[in-house]
Amino acid sequence: MVHLSQIKLQFGHQMLFDGASWSIYAGQRIGLVGPNGSGKSTILRMLCGEITPDEGHVIIPQGVTTGYLPQHMDDFNTDQTLMDEVMNVFAHLIEAEKEMRRLEQEISENHTPELMKRYDRLQELFAREDGYTMEARARTVLSGLGFRDEQLSQSVRSFSGGWRMRIALARLLLIHPALLLLDEPTNHLDMETLIWLEKFIADYNGTLVIVSHDRYFLDRITDHIAEIYDGKVRVYSGNYSDYEEARAQRLMQQEAEQKNQERRIDQIERFIERFRYKASKAKQVQSRIKYLEKIQRTEVEKLGKSIGFQFPVPPRSGDPVVAFEHVMFDYGKGPVFTDATFQIRRGKKVALLGPNGVGKSTLMKIISQELEPGSGKARWGYNLEMAYFAQHQLDQLNPGLNVLDEVWSQSPGITQSAVRSLLGQFLFSGDDVFKPVSVLSGGEKSRVVLLKMMLKNANFLILDEPTNHLDMQSKEVLAQALDEFPGSVLIVSHDRFFLDMLVTKVLWFHEGHVKEYPGNYSEFQQWYDEKFNPMIQNTKNTDSRPGKIHSKTQRRIEAQERQKKSRERKKYQEKLDKTEQKIDILQKEKSDIEHQMNGTGFSALTPDEMAAVTRRYQEIVKTMEKLEYEWLVLNEILEK
């Protein structure tokens, strides 16, 4: 369908792509992964025509439509209503409908074959492109993305950046391009909207390329993973979990090949050293010297860097940390929630779930004591020190400071070297600590805010979408650090894998109530679906797909073949090692006899003793020649 051929692209001194090729076939659902800065967004922009490579070709067949949702987009300020903005994707159908109404009036006054022919063509176009349901489809998509009916008449200008991203996504989904390119589409979605998007994409019959750090999302919607590494693109069959397994096997194989190669090189170097001055082996020595000169050293791929840290042990708080009984809150326009009853115990990790607008932010502000409850009882444990992480804090960093000074301002009592050491754990090393805050990426700002929060040494962490902008490795490190943290944690996140790694309790909103569920996210979701969504469709990719069965079977066969070769190699290697040991023992004995024969004491031996030493020497030489021949044969087998 789409082909990238021998792509080269350089930004400044960085070569992003160096001879990369990639074929994307119709109907594939591809997750695009790679370290931060490897060029994932750039390759999407090449596919949609925004960027042209320095060398190579991007080949898109004529008639293939593309739709691209960038990770960051320029604000589109317009006074159009939300509904009108989204309906603009059907502009040609709206014009066709207007023309049909005009022709109907004209035909009623002057019925001619020419007018009927024009009307029939328009009606056929309108029906073929499902024009009769375009408004209903627009409402369905907007509702699925979390927009309420009363928001449809609001101007686009009135929505925040995250909601404008949803508007752009709605337009793309309604256009239904043949090739859909999505760059981190889940960053601005709540859990309910994310689940809806999964189902929508499951029903989408085009080709999908998606960049996402949400492994749960990738596992459920992808059937291929394209990895960018070292300027090339490598494609794996299966979803993200399959990719991780295949990549781990690949790295293990590379490590084994590297060890074997190092052992082989050592053997060849010993061979050269042993036979360098033997005329009978000169040809073989020279061939091995040339072999070493030409050999390509096997390298093991390096995993991308990720943050690495532990939260300090905080002072002990009271237990429970927070206890609410029938708490209600009202901004004056009707209650946000009417009954919040729950406890957060010391040392527990708790998730807070609910759709946007239901009151999660309000509840977190009451818990963090930024707001007072309207009614009910709210109690906090003694000696409680709270730290709050929220996405808006990324914009509150001082753009006039560099990274070092921004973090140091949080804890001026510690030394600069201690701050720099901590920054190194958060991937700010060397001159990176002097980067101005104003030029940091979203991921870099998230790491700065996380580090500042860590330095507060709080015993109760309130985290609002802490994984946005973090790569998968960094998310896992954060989850592990929070799991080992002896304090209490309350988390709002749409990253289900992250929640499953960490939480043991869920607080959830239902009809104005905040309720408790004892378990992790997956357990809660299964219980919730059984109780409230009995007809829910499971969109998770399963192993029943023929392509997936084929890919897994193929990988098993390849693994068995590798194991067989490994066993054979091990057998010959053991023989070679034993032969070497025998040669070394005989070589030492031969050297001792030569030393004896060249010494003054040899002439003092009786003729029989001299004959015995000479016979033994000749036996050793013959045995060594036989063993050296065997050693050469075994070496040649291992070379092959």
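Everything quoted here is computed from the prediction, not taken from an experiment.

Draft legend 1. Summary view of the pairing of strand E7 (residues 207-211). For E7, a buried count of 5 out of 5 residues is recorded, marking the element as mostly surrounded by other parts of the structure. Inspection of the sheet shows strand E3 (residues 29-33) paired to E7 by 4 bridges, in the parallel sense. Its bridge partner lying in E7, Gly31 is registered against Ile210. Direction of pairing for strand E6 (residues 179-183) relative to E7: parallel, over a ladder of 5 bridges. Bridge pairing links Asp183 to Val211 in E7. Viewed along the sheet, the connection from E6 through helix H7 (residues 191-203) into E7 turns out right-handed.

Draft legend 2. Representation of empty space enclosed by the protein within the structure. Tallying each qualifying case throughout the model produces 2 cavities of 30 Å³ or more. Considering only enclosed or pocket space, the largest cavity measures out at about 60 Å³ in volume. Lining the largest cavity, in full, are His213, Arg215, Met472, Lys475, Glu476, Asp495, Phe497, Phe498 and Met501. When residues of the lining of the largest cavity are traced back to their parent elements, those giving at least two are helix H15 (472-484) and helix H16 (496-502). The residue inventory of the lining of the largest cavity, partitioned by class, reads 4 nonpolar, 1 polar and 4 charged. In this structure, the second largest cavity spans a volume of roughly 30 Å³. What lines the second largest cavity is simply Asn36, Gly443, Arg447, His469, Leu470, Asp471 and Ser474. Broken down by class, the residue content of the lining of the second largest cavity amounts to 1 nonpolar, 4 polar and 2 charged.

Draft legend 3. A look at the domain arrangement of the protein chain. For the protein chain, the assigned domains are domain 1 (244-294), domain 2 (322-380) and domain 3 (391-457). On a C-alpha basis, the centres of domain 1 and domain 3 stand 47 Å from each other.

Draft legend 4. A nonpolar patch on the surface, seen in detail. A grouping of Tyr629, Val633 and Ile637 is seen on the molecular surface, where their side chains present a nonpolar patch of about 280 Å² in accessible area. Summarising the element assignment, Ile637 is placed in helix H19 (residues 607-639). Classification of Ile637 as partly exposed rests on a relative accessible area of 34%.

Draft legend 5. Region of the structure containing the sheet that holds strand E11 (residues 335-344). Here 9 strands make up an open sheet; going across it, the order is E13-E10-E11-E18-E17-E12-E16-E15-E14 and the pairing mixed. If you trace the sheet from one side to the other, it starts and ends with strand E13 (375-380) and strand E14 (386-389), each paired once. Here the average twist between neighbouring strands, direction ignored, is 20 degrees. Pairing geometry for strand E12 (residues 349-353) and strand E16 (residues 488-492), over 3 bridges, is parallel.

Draft legend 6. Looking closely at the environment of Arg171. Within the element layout of this structure, Arg171 appears in helix H6 (residues 161-175). Each C-alpha atom of the pair Arg171 and Met87 lies 8.1 Å from the other, and the pair is 84 residues apart in sequence. If sequence neighbours within four positions are ignored, Arg171 has contacts with Glu85, Val86, Asn88 and Val89.

Draft legend 7. Layout of the environment of Trp380. With respect to the element layout, Trp380 can be found in strand E13. The exposure class assigned to Trp380 is partly exposed, which follows from its relative accessible area of 26%. C-alpha of Trp380 to C-alpha of Ser317: the two residues are 63 residues apart in sequence and 9.7 Å apart in space. A polar side-chain atom of Trp380 sits 2.8 Å from the main-chain carbonyl oxygen of Ile367.

Draft legend 8. Here's a closer look at the pairing of E11. Bridge analysis of strand E10 (residues 322-330) against E11 gives 6 bridges, and the strand direction is antiparallel. The residue of E11 that forms the bridge with Val327 is Ala340. Linking two consecutive strands that pair antiparallel, namely E10 and E11, is a turn of 4 residues; a positive phi of about 105 degrees is found at Gly332 within it. The pairing of E11 with strand E18 (residues 513-518) spans 2 bridges and is parallel. Paired with Asp339 across the two strands is His513, which belongs to E18.

Draft legend 9. Representation of unusual backbone geometry in the model. Going from Asp319 to Pro320, the amide bond is cis rather than trans, its omega being 5 degrees. Examined against the element boundaries, Pro320 turns out to sit in the loop between helix H10 (282-294) and E10. Here Asn383, not a glycine, exhibits a phi torsion of approximately 55 degrees, which is positive. Secondary-structure assignment places Asn383 in the loop between E13 and E14.

Draft legend 10. Structural context of the packing of H6 against H7. Following both chains from N to C, one finds H6 and H7 inclined at 15 degrees, their axes separated by 13 Å at the closest point. The orientation of H6 with respect to H7, classified from their angle, is roughly parallel. Crossing handedness for the pair H6 and H7: left-handed. Between H6, through Arg166, Leu169 and Leu173, and H7, the contact on the second element is made entirely by Thr193, Trp196, Leu197 and Phe200. Tallied by class, residues from the contact of H6 with H7 come to 5 nonpolar, 1 polar and 1 charged.

Draft legend 11. Expanded view of the packing of helix H5 (residues 134-144) against H7. Two elements in contact, H5 and H7, have axes separated by 9 Å at closest approach and are oriented at 135 degrees. With respect to each other, H5 and H7 are oriented oblique. Along the contact surface, H5 presents Thr140, Val141 and Gly144, while H7 presents Thr193, Trp196 and Phe200. Classifying every residue of the contact of H5 with H7 by side-chain character gives 3 nonpolar, 3 polar and no charged.

What counts and what doesn't
- Residues numbered from 1 in each chain as written.
- Predicted model: local features only at pLDDT ≥ 70, side-chain atom pairs only at ≥ 80, totals over all residues.
- Heavy atoms only, no water.
- Buried < 20%, exposed > 50% of the residue type's maximum accessible area, 1.4 Å probe, protein only.
- Helix = DSSP H or I, 4+ residues; strand = E, 2+ residues; numbered from the N terminus.
- Pairing = 2+ DSSP bridges.
- Right-handed = clockwise from strand over helix to strand, strands pointing away.
- 1 Å grid on protein atoms, 1.4 Å probe; cavity = no way out; pocket = protein on both sides within 12 Å on 5 of 7 lines; lining within 4 Å.
- Points joined across faces, edges and corners; volume = space filled by probe spheres on them.
- Nonpolar A, V, L, I, M, F, W, Y, C, P; charged D, E, K, R; others polar.
- Domains from an automatic or database assignment.
- Patch = residues over 30% accessible without salt bridge, like charges linked within 9 Å, V, L, I, M, F, W, Y side chains within 5 Å.
- Areas by Shrake-Rupley, 256 points an atom, 1.4 Å probe, with all protein chains shown as cover.
- Salt bridge = Lys/Arg side-chain N within 4 Å of Asp/Glu carboxyl O.
- Axes fitted to C-alpha atoms, helices over the stretch in contact; angles between N-to-C directions.
- Contact = heavy atoms within 4.5 Å.
- Polar contact = N/O pair within 3.5 Å; in protein donor to acceptor, adjacent residues only side chain to side chain.
- Parallel < 35°, antiparallel > 145°, perpendicular 65-115°, else oblique.
- Left-handed = near helix turned anticlockwise from the far one by under 90°.

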